[in-house]
Amino acid sequence: MTDIRQVRPEDAAGIAEIYNGYVTGGVESFETEPLSCAMMNGRITATASRHPYFVAEEEGRVTGFCYAHPWKERAAYSHTLETTIYLHPDFKRRGTGTALMKRLIEVCRHRGYKALIACITGDNEASIAFHASLGFRQVSLFRNVGYKHGRWLDVTDMELLL
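Worth saying up front: this structure is predicted, and the values here are computed from it rather than measured. (Residues numbered from 1 in each chain as written. Predicted model: local features only at pLDDT ≥ 70, side-chain atom pairs only at ≥ 80, totals over all residues. Heavy atoms only, no water.)

Asker: Even after reading the chapter, I still don't get the overall build of the protein, so can you show me in this structure?
Answerer: Within the protein one finds four helices and seven strands. Along the protein, from the amino end to the carboxyl end, the secondary structure elements read β-α-α-β-β-β-α-β-α-β-β. Taken over C-alpha atoms, the radius of gyration comes to 15 Å for the protein, in line with the 15 Å a tight globule of 162 residues would show. Overall, the C-alpha framework of the protein stretches about 40 × 40 × 30 Å when taken along its three principal axes. In the protein, which comprises 162 residues, the share counted as buried stands at 48%. Taking the contacts inside the protein whose residues are at least 6 apart along the sequence as the reference set, 64% of them involve residues at least 24 apart. Carbon and sulfur atoms make up 51% of the accessible area of the protein, which totals about 8800 Å². (Helix = DSSP H or I, 4+ residues; strand = E, 2+ residues; numbered from the N terminus. Rg over C-alpha atoms; globule rule 2.2 N^0.38 Å. Buried < 20%, exposed > 50% of the residue type's maximum accessible area, 1.4 Å probe, protein only. Contact = heavy atoms within 4.5 Å. Areas by Shrake-Rupley, 256 points an atom, 1.4 Å probe, with all protein chains shown as cover.)

Asker: Just checking my understanding: could you explain the packing of aromatic side chains for this structure?
Answerer: Two descriptors summarise a pair of aromatic rings, namely the distance from one centre to the other and the angle between the planes of the rings. Scanning the model with the defined rule gives eight aromatic pairs in all. Relative to Y86, the ring of Y19 lies with its centre 5.1 Å away and its plane at 80 degrees, an arrangement referred to as edge-to-face. With Y19 in helix 1 (residues 12-25) and Y86 in strand 4 (residues 80-87), this residue pair connects regions lying 67 residues apart in the sequence. Given the relative accessible area of 8%, Y19 is considered buried. Accessibility expressed as a relative area gives 11% for Y86, which makes it buried. (Phe/Tyr/Trp six-rings, centres within 6.5 Å; stacked < 30°, edge-to-face > 60°.)

What follows is the structure, given as structure tokens:
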């Protein structure tokens with residue numbers, strides 16, 4: 001059974017393992033170098049101290065994570081957050097992502113945020129469909145804004161008004 005809970009410092013290794021798979025083997029993240037456990041722990045601490053950050057755990061193993069963070073730095077954007085979600089490949093299409101995002105959306109709504117933005121690689125149709133199923137709608141498409149693994153990548157922004 002999957003448990004959705006607040007992130008803890010000891011989750012850094014499991015989160016880094018999941019994330020680094022996307023960094024090195026996919027185009028879902030625009031980072032190109034894997035993160036160490038220490039680097040991931042620093043990011044977790046910085047984000048979770050101010051914004052919601054959840055992990056999915058099954059039998060003591062981190063199977064996915066999601067969090068919200070500032071969309072833009074200017075003060076007028078302070079009621080809008082960007083969402084991030086990654087799942088271990090073995091735990092896709094099992095409801096884990098939906099459970100994580102529903103919890104994140106609920107907490108963001110409860111804290112008074114007005115909008116969530118998901119920035120998704122343009123050809124990641126599964127993620128676009130996933131976010132649409134949660135009520136996000138596409139609001140932009142930026143062409144050829146990232147270059148990774150020898151190809152140019154688009155980014156689409158999807159928005160959920162809370």
